[in-house]
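Read off the chains here:
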Amino acid sequence: RDPRCCSAMAGSAVRLLRRCTEQIRVGRVHLPVLGRPSVPDGLVGASWTATTPALHPTCQSTCGRGNRPKSVHGDAWAGVALGAFLLSSLCNRVAEAEAETSPEPTSSASQDGPDSGAVGDVPPPGAKEAVSNESTAKWRIFTDRGHALAQEGNYTEAEALLRRALREAKRGFGEYDAHVASSLNNLAEVYRIQGMFEKAEPLYMEAIQRLKESLGEDSPAVAAAIHNLAGLYFAKRMTKQAKAFYQDALRRKTRVLGPAHPDTATTLFHLAEVLRVEGKTSDAISLLSQSVSALENSGGGTSPAACRRLSRLADLLLAEGRGAEAEMHARKVVHVIEEANGRHHPTFTTAAEHLAQVLVDAQHRKLGTPGAELNEVDHAKLDEAETLLRECLAAREKVEQRRQEKERGIMARLFGSSKPACRSAMVGADMQRLCKLEQN
């Protein structure tokens, strides 16, 4: 916390390490290669530690991996150890000071895109300091591993790790720190994904309350937590509550982040989904158009999220009888995906099928209009839809052919060609697992 003290420690460490480096360079001593001190992304308050991942190449033959080189000079070895200790102590002190002023809790990802939870406000008076660097490091490890397991669908182990992360956050950051609220939110997300809404709701509520107390009403993290709670109510088909909380999150994000921020666009999209379920198609189209415009203004107009929202917008416009606009958006999705992935990518096949469906439905709606005549149908559009569908069919047949060839290859390697024919019954779920194993 004292700049003069930090400068003195850094200067001492640099001088020691430079002297030892010079000794290594001229061949007077061989030391293990020290790893670059680093801190995992988002980790605040954890100790920076130098590691020794490998030995110096000239030492491999004489001392072996993991042992101290025989030719190490005592003074040089002590200098490196002391320099590393000084750097570690300095980084610990800097991290502790940062933990008091800029905690950065981890926010969970929404269904259509991540919600930003970056925070920079000062915790309220009386909040405990990060007293245990070991606990904050464990919090980061448990949180990251829990997220990875949840993405793999292993929710049982993810829940156990996120519970441990919550305990370490309370122990390392303090009961009133924003990291605790972040951990509560993460655990609630795992419950929500599993449909355990009764367990998730109180955790969301507690996370929102803690964030408001520690970071203030205008923090983006508060808006992100409210957005997640709205998602819980939407999953329970409690549209009235979901709409109220999405609207609250949207007001906060618009005020704090701005109307063109990607997180604001995400809340606009989810609020539009609520309105769509309620049957308010016109209002949903308006919000969805704003969401797409916000993504385009923020540079994400060609992202997968933008393509998904454009496809949804095309469906809503088609339902309102606005076929020309729906076709325009569907064509844009096809163009973006073709430019990014090419015509042979599975995502292009899906987008082309959607465009063909929009073209066909638009012509069918013309025939369904009272007084419509058959000659009003645009046969060129129907011919284009047929061409697209034939191309998509050929692409899917090729994918299926490759899948079957891969299955036959796996069967041959596992059982050989001389095995009984009953072995071919290993299909379905077991074969899918074998294919995944082969792919890995």
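Residues numbered from 1 in each chain as written. Predicted model: local features only at pLDDT ≥ 70, side-chain atom pairs only at ≥ 80, totals over all residues. Heavy atoms only, no water.

Looking at the overall build of the protein
In terms of regular secondary structure, the protein is built from 16 helices and zero strands. Counting all 440 residues of the protein, 41% fall into the buried class. Within the protein, residue pairs in contact and separated by at least 24 positions form 62% of the contacts whose partners lie at least 6 positions apart. Accessible surface for the protein amounts to roughly 23,700 Å². Of this, 53% is attributable to carbon and sulfur atoms. (Helix = DSSP H or I, 4+ residues; strand = E, 2+ residues; numbered from the N terminus. Buried < 20%, exposed > 50% of the residue type's maximum accessible area, 1.4 Å probe, protein only. Contact = heavy atoms within 4.5 Å. Areas by Shrake-Rupley, 256 points an atom, 1.4 Å probe, with all protein chains shown as cover.)

Some thoughts on the packing of helix α12 (residues 304-319) against helix α13 (residues 323-341)
Between α12 and α13, the least distance of the axes is 8 Å, while the angle of their chain directions is 160°. By the angle class used here, α12 and α13 are roughly antiparallel. For the pair α12 and α13, the crossing hand works out as left-handed. Of the residues in α13, those touching α12 at Cys307, Leu310, Ser311, Leu313, Ala314, Leu317 and Leu318 are Gly323, Glu325, Ala326, His329, Ala330, Lys332, Val333, Val336 and Ile337. (Axes fitted to C-alpha atoms, helices over the stretch in contact; angles between N-to-C directions. Parallel < 35°, antiparallel > 145°, perpendicular 65-115°, else oblique. Left-handed = near helix turned anticlockwise from the far one by under 90°.)

So, the packing of aromatic side chains
Tallied over the full model, the rule gives two aromatic pairs. Consider the rings of Trp139 and Phe173, whose centres lie 5.3 Å apart with planes at 85°: the pair is edge-to-face. Here Phe173 lies in the loop between α5 (155-172) and α6 (178-193) and Trp139 lies in helix α4 (residues 133-152), a separation of 34 residues in the sequence. Classification of Trp139 by relative accessible area gives buried; the value is 0%. Between the NZ or CZ atom of Arg237 and the centre of the ring of Phe234, over which it lies, the distance is 5.1 Å. (Phe/Tyr/Trp six-rings, centres within 6.5 Å; stacked < 30°, edge-to-face > 60°. Lys NZ or Arg CZ within 6 Å of the ring centre and 35° of its normal.)

Focus: helix α10 (residues 262-277)
When the terminal C-alpha atoms of α10 are compared, their 23 Å separation across 16 residues agrees well with the 22 Å that a helix rising 1.5 Å per residue should span. With respect to burial, α10 is a largely interior element, 13 of its 16 residues being buried. Immediately downstream of α10, the backbone of Gly279 shows phi near 85°, a positive value. (Expected span 1.5 Å × (residues − 1).)

What about the nonpolar core?
Grouped together as the largest cluster of nonpolar side chains are 75 residues, with contacts concentrated most on Leu211 and Tyr246. Considering every element that reaches this core, the biggest residue donor is helix α8 (residues 220-235), with nine residues. In this structure, Tyr246 is in contact with His227, Ala230, Gly231, Phe234, Thr267, His270, Leu271 and Val274, ignoring residues within four places of it in sequence. Grouped together as the second largest cluster of nonpolar side chains are five residues, Ala265, Ala294, Ala305 and Ala306 included. (Core = buried A, V, L, I, M, F, W, Y, C linked by side-chain atoms within 4.5 Å.)

Focus: the side chain of Ser135
Within the secondary structure layout, Ser135 lies in helix α4. Judged by its relative accessible area of 5%, Ser135 falls in the buried class. Aside from chain neighbours lying at most four places away, what touches Ser135 is Glu168, Arg171 and Gly172.

Considering the pattern of salt bridges
Under the defined criterion, the tally for this structure stands at 27 salt bridges. Between Arg163 and Glu159 there is a salt bridge, and its shortest N-O distance comes to 3.6 Å. Here Arg163 and its partner Glu159 are both found in helix α5, four residues apart, which amounts to about one turn of the helix. On the accessibility criterion, Arg163 (39% relative accessible area) is partly exposed. A cluster of three or more residues bridged by salt bridges with shared partners is formed by Glu217, Asp248, Arg251 and Arg252. (Salt bridge = Lys/Arg side-chain N within 4 Å of Asp/Glu carboxyl O.)

Considering the packing of helix α11 (residues 281-297) against α12
The axes of two packed helices give the description: the angle between them and the distance between them. It is at 10 Å that the axes of α11 and α12 come closest, and there the two elements cross at 155°. Relative to α12, α11 is oriented roughly antiparallel. Crossing geometry of α11 relative to α12 is assigned as left-handed. Contact with α11, carried on its side by Thr281, Ala284, Ile285, Leu288, Ser289, Ser291, Val292 and Leu295, involves Ala305, Ala306, Arg309, Leu310, Arg312, Leu313, Leu316 and Leu317 of α12 and no other residues of that element. Taken together, the residues of the contact of α11 with α12 break down into 11 nonpolar, three polar and two charged. (Nonpolar A, V, L, I, M, F, W, Y, C, P; charged D, E, K, R; others polar.)

Let's talk about unusual backbone geometry
You will see that Arg237, though not glycine, has its phi angle at about 60°, which is positive. Within the element layout of this structure, Arg237 appears in the loop between α8 and α9 (239-256).

Re the environment of Ala230
Along the chain, Ala230 falls in helix α8. Taking the C-alpha atoms as reference points, Ala230 and Tyr246, separated by 16 residues in sequence, lie 5.6 Å from one another. Setting aside anything within four residues of it in sequence, one finds Ala230 in contact with Ala242, Phe245 and Tyr246.

Comments concerning the environment of Arg365
For Arg365, the position within the fold is in helix α14 (residues 346-368). Owing to a relative accessible area of 44%, Arg365 belongs among the partly exposed residues under this scheme. When the C-alpha positions of Arg365 and Gly323 are compared, they lie 8.6 Å apart, and in sequence the two are 42 residues distant. The contacts of Arg365, once residues within four sequence positions are left out, are Leu318 and Ala319.

Regarding α9
With 18 residues, α9 ought to run about 26 Å at 1.5 Å a step, and its terminal C-alpha atoms sit 25 Å apart, in line with that. Where α9 is concerned, the buried positions are Thr239, Ala242, Lys243, Tyr246, Asp248, Ala249, Leu250, Arg252 and Lys253.

Structural notes on the confidence of the model for the protein
Residues at a pLDDT of 70 or more form 63% of the protein, whose mean pLDDT is 74. Low pLDDT, under 50, characterises residues 28-73; the predicted model gives this stretch 93 contacts beyond four residues in sequence or across chains. Counting interchain partners and residues more than four positions distant, the pLDDT-below-50 stretch residues 113-131 has 54 contacts. (pLDDT = per-residue confidence, 0-100.)

Details of the environment of Leu275
Within the secondary structure layout, Leu275 lies in helix α10. Note on Leu275: relative accessible area 8%, which makes it buried. Spatially, the C-alpha atoms of Leu275 and Leu287 are 9.2 Å apart, while their sequence positions differ by 12 residues. If we ignore the near neighbours within four places in the chain, the residues touching Leu275 are Lys243, Lys280, Asp283, Ala284 and Leu287.

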